[in-house]
2 protein chains.
Amino acid sequence: MILTVTLNTALDITYRVRSLRPHASHRVSEVVERPGGKGVNVARVLAALGHEVTVTGFAGGATGEVVRDRLSAVPGLTDALVPVAGATRRTIAVADELSGDTTQLNEPGPAIEPAEWGGFLDRYEELVAGASAVALCGSLPPGVPVGAYASLVRTARSAGVPVLLDTSGEPLRRGVAARPDIIKPNADELAELTGSHEPLRATQDARRRGARTVVASLGAQGLLALTPEGDWRAVPPAREHGNPTGAGDSAVAGLLSGLVHRLPWPDRLTSAVALSAATVRAPAAGDFDRVAYEKLLARVSVTAA
Amino acid sequence: MILTVTLNTALDITYRVRSLRPHASHRVSEVVERPGGKGVNVARVLAALGHEVTVTGFAGGATGEVVRDRLSAVPGLTDALVPVAGATRRTIAVADELSGDTTQLNEPGPAIEPAEWGGFLDRYEELVAGASAVALCGSLPPGVPVGAYASLVRTARSAGVPVLLDTSGEPLRRGVAARPDIIKPNADELAELTGSHEPLRATQDARRRGARTVVASLGAQGLLALTPEGDWRAVPPAREHGNPTGAGDSAVAGLLSGLVHRLPWPDRLTSAVALSAATVRAPAAGDFDRVAYEKLLARVSVTAA
């Protein structure tokens, strides 16, 4: 079982409007809801690839119930979310029919009480004991200590379970120092962590800070991976046009899938890049186009960095 | 008991953001949720004025549960909403800190099945039998026949219960033909109904179409009422600055309160104008400022039209 942790789960809502104009009133013509938060997205892709996956983190309120209800319908996915008194946040993506662009509104998430955080730590320790890999994903809701990911990394390492960390800002800085097996920053997160906007230099610096492997996701330039087995660049055959939402989460799912299948690093990176590109190509945000994925697997180029 | 009908109830959500920019990502700093839909707003004001009020219409899904849960906490208000399979719509008001302006996103509402509509008609007939007045408020959700309000007006008239209709477009046009006791269109609704942008002429025309009394709400110009007892203009002492959301619903509550207390028309109009102005003045959308309301009662001017 692969365990994904999403401390700030979300109900992701997409609204279709003709054209968003500030200070006007809009009739929403279509409403789509799905469970969200990075670790939830990673879990959905892993389940679609045939893995047994368990989702933990927090869920609460009416929005949390909708999230849990929807997750229970995903084959291969086990809901181990910890109930909290506050309500799971919503994110609203307002998609313009005219421009094709999207405006994003993100709620902050519920305040987590110290007792709820303590309850989560107990549950996490139990779940890690049965996991083949752990992914720690996304932002922290209010009330969770900023060093949360550092604690969760240490627990996984003590249990001998490989752990991937995908977050940003101070939680990433603290988490890296606890020596996770893999981090997957994007270019902005890497620059924020290291102060360098030069991807290779920044990736090297991130590795020196404690991550055993750094996989930097560089958008259309694919992935740059510095690993104990060697350094590679993995690049998709062409720039994909579509919705990049969830492309990074699909890359994380590809890395985890390759890890538990004990694939060599170049194959893991191929899978991650192909999933990421197939996610951009899929019409619904966060889904991946399976036919495109299988075709892309043969067309990703992996070269020594 | 006063009965208010809200076929398209809502969970009204207000987001505070620094400044809404299309195609950007926004962190919401504050989230406020409250039950909404015009008839629900009317009921809340009536309950605050000390009336026993019953709310009916439809509620469903996780959003419907939140609406019902919140309504159950309002003293004097009885929840008689009819459960439906679809989810109660959300409305999102995005309030800009910088400009003070608001951008509105309104979901369409759940599709109502024919059996659900039939179930509502039975419930409505039972409730009308125990009501001293009925208010039919707001838009129709998908699946409800466009002549819905005409049927509901006839049921109330058959039971000898006075009925106020506050809606727009084709549902208003059909509803008026069924001869409601009062309609309360605003200037836009009146122009759409009659084709005339001249308030007095349009109000006279609306009355000829079947309404016993027409109370036109003309924003800062107050109310213009053509009634069987005479014709009046009721004007607030000054233009109020604030949030006009819910001002029309508060005016409806004032008209109903005066109706069941058998006040003469000028007193009903005074109450409606004062409540409306006190709603604009209150900081939270749809609430009214009680101190301002009581002061305004002495300062509304009512003159023969």
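Residues numbered from 1 in each chain as written. Chains lettered and ligands numbered in written order. Predicted model: local features only at pLDDT ≥ 70, side-chain atom pairs only at ≥ 80, totals over all residues. Heavy atoms only, no water.

Under an unreviewed UniProt entry, chain A has the name Tagatose 6-phosphate kinase and belongs to Streptomyces echinatus. As its UniProt record puts it under Sequence similarities (unreviewed entry), chain A is described as follows: "Belongs to the carbohydrate kinase PfkB family." (UniProt positions renumbered as here; feature names shortened; annotations may be inferred.)

Undergrad: In this structure, what is going on with helix α6 (residues 187–194) of chain A? I would like to understand it.
TA: Residue and element names in this part refer to chain A. Of all the positions in α6, only E189, L190, A191, L193 and T194 are classed as buried. Among the structural elements, β11 (163–166), α5 (169–177), β12 (182–183), α7 (199–208) and β13 (213–217) are those in contact with the buried residues of α6. After α6 finishes, the residue G195 shows a positive phi value of roughly 80°. (Buried < 20%, exposed > 50% of the residue type's maximum accessible area, 1.4 Å probe, protein only. Helix = DSSP H or I, 4+ residues; strand = E, 2+ residues; numbered from the N terminus. Contact = heavy atoms within 4.5 Å.)

Undergrad: Is there a simple way to think about the environment of R179 of chain A in this case?
TA: All names here are of chain A. Mapping R179 onto the fold places it in the loop between α5 and β12. Along the chain, R179 and L49 lie 130 residues apart, while their C-alpha atoms are 28 Å from each other. Once residues within four sequence positions are removed from consideration, R179 is found in contact with V153, R157 and G210.

Undergrad: Would you explain the sheet that holds strand β9 (residues 102–106) of chain B in this entry?
TA: Think of a sheet as strands paired side by side through backbone hydrogen bonds, with each pair either parallel or antiparallel. The 5 strands are arranged β3(A)-β9(B)-β8(B)-β2(B)-β4(B) in an open sheet whose pairing can be described as mixed. With one partner strand each, in any of the chains shown, β3 (25–27) of chain A together with β4 (30–36) of chain B form the two edges of the open sheet. Shown here is a sheet whose adjacent strand axes are inclined to one another by a mean of 15°, direction ignored. In this sheet, β9 of chain B lies alongside β3 of chain A in parallel orientation, the contact comprising 3 bridges. Paired with H26 of chain A across the strands is L105 of chain B, a residue of β9 of chain B. Here helix α2 (residues 61–71) of chain B sits on the sheet in contact with β2 (10–17), β4 and β8 (89–96) of chain B, set at roughly 80° to β4 of chain B. (Pairing = 2+ DSSP bridges. Axes fitted to C-alpha atoms, helices over the stretch in contact; angles between N-to-C directions.)

Undergrad: Would you mind going over the relation of the copies chain B and chain A with me for this structure?
TA: What relates the pair of chain copies is a rotation about an axis plus a shift along that axis. For these two chains of identical sequence, chain B goes onto chain A by a turn of 179° and a shift of 0.0 Å along the axis, with RMSD 0.0 Å. What the superposition gives is, in effect, a two-fold axis relating one chain to the other. In terms of C-alpha distance to the rotation axis, chain B has A62 of chain B as its closest residue, with the C-alpha 2.7 Å off the axis. Both copies present the same face, since 100% of the interface residues in chain B are matched by interface residues at the equivalent positions in chain A. (Least-squares fit on C-alpha atoms with pLDDT ≥ 70 in both.)

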